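Each chain is listed here by its residues.
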Amino acid sequence: MSSDKKAVYCKSLGADVVINYNEEDYEVVIGVDQIDVVLDSIGGDYFAKNIQVMKPDGHLVYINAMKGGKVELNLFKLMQKRIYLSGSLLRSRPVLFKRTVRDEIMQQIFPLLNKKTLQSNVYRTFRLEEAVAAHQLLDSGDFMGKLVFDLQ
């Protein structure tokens, strides 16, 4: 999280631990060998930190690289921890593939969440004509929840 306000928001949604990355280094807060799975959309300098916080036999999955895709990898560290490293992008995949992923998540992951209710928190809905304003808000990072377009 990038602010105390967003941290409070995440806690209200049920987060057990929230780290404000502008005030704390998540590698220091979490510690070495603590995390089983990291789903990272940041990349860049987060890569080395992710390797550090991973437990042996952990899974490190990349779905974006907002801070850059070129990283330095110590293969010995990867091998010592037996980390599974993978990545994927949905953007270039066909709609049918995306639907299949969605359906599998609904069938295989949601039941594991027991009684926790998942909901999409919409911060603001935009008309298509407001695309510039939506992107400006997205770039500012000054929102909590999802930004959506009403295409009707």
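Everything in this summary refers to the structure shown in the same document. Nothing here was measured: the structure is a model prediction, and the numbers come from that model.

**Let's talk about the nonpolar core**
Phase 1: Core analysis: the largest hydrophobic core is formed by eight residues, namely Val38, Phe47, Ile51, Met54, Leu60, Tyr62, Leu78 and Ile83.
Phase 2: Residue assignment for this core shows that the elements contributing at least two residues are helix H3 (46-53) and strand S2 (54-62).
Phase 3: Here Phe47 is in contact with Leu60, Tyr62, Val71, Glu72, Leu73 and Leu85, once residues within four sequence places are set aside.

**So, the environment of Leu39**
Phase 1: With respect to the element layout, Leu39 can be found in strand S1 (residues 35-40).
Phase 2: Counting along the chain gives 11 residues from Leu39 to Asn50, while the straight-line C-alpha distance between them is 9.6 Å.
Phase 3: Apart from the residues within four sequence positions on either side, Leu39 is in contact with Val61 and Ile63.

**Quick notes on the packing of aromatic side chains**
Phase 1: For the coordinates displayed, the defined rule picks out four aromatic pairs.
Phase 2: With centroids separated by 5.3 Å and ring planes inclined at 45°, the aromatic side chains of Tyr26 and Tyr46 adopt a geometry described as tilted. One end of the pair, Tyr26, is in helix H2 (residues 26-30); the other, Tyr46, is in helix H3, and 20 residues separate them in sequence.
Phase 3: Residue classification places Tyr26 among the buried positions, given a relative accessible area of 15%.
Phase 4: Measuring from ring centre to ring centre gives 6.2 Å for Tyr123 and Phe143, while their planes differ by 50°; the resulting arrangement is tilted. A residue pair is termed long-range when its members are at least 10 positions apart, and Tyr123 in strand S4 (residues 122-127) and Phe143 in the loop between helix H6 (131-140) and strand S5 (146-150) qualify at 20 residues.
Phase 5: The ring of Phe143 carries the charged tip of Lys6 above its face, separated from the ring centre by 5.8 Å.

Cut-offs used in this document
Residues numbered from 1 in each chain as written. Predicted model: local features only at pLDDT ≥ 70, side-chain atom pairs only at ≥ 80, totals over all residues. Heavy atoms only, no water. Core = buried A, V, L, I, M, F, W, Y, C linked by side-chain atoms within 4.5 Å. Buried < 20%, exposed > 50% of the residue type's maximum accessible area, 1.4 Å probe, protein only. Helix = DSSP H or I, 4+ residues; strand = E, 2+ residues; numbered from the N terminus. Contact = heavy atoms within 4.5 Å. Phe/Tyr/Trp six-rings, centres within 6.5 Å; stacked < 30°, edge-to-face > 60°. Lys NZ or Arg CZ within 6 Å of the ring centre and 35° of its normal.

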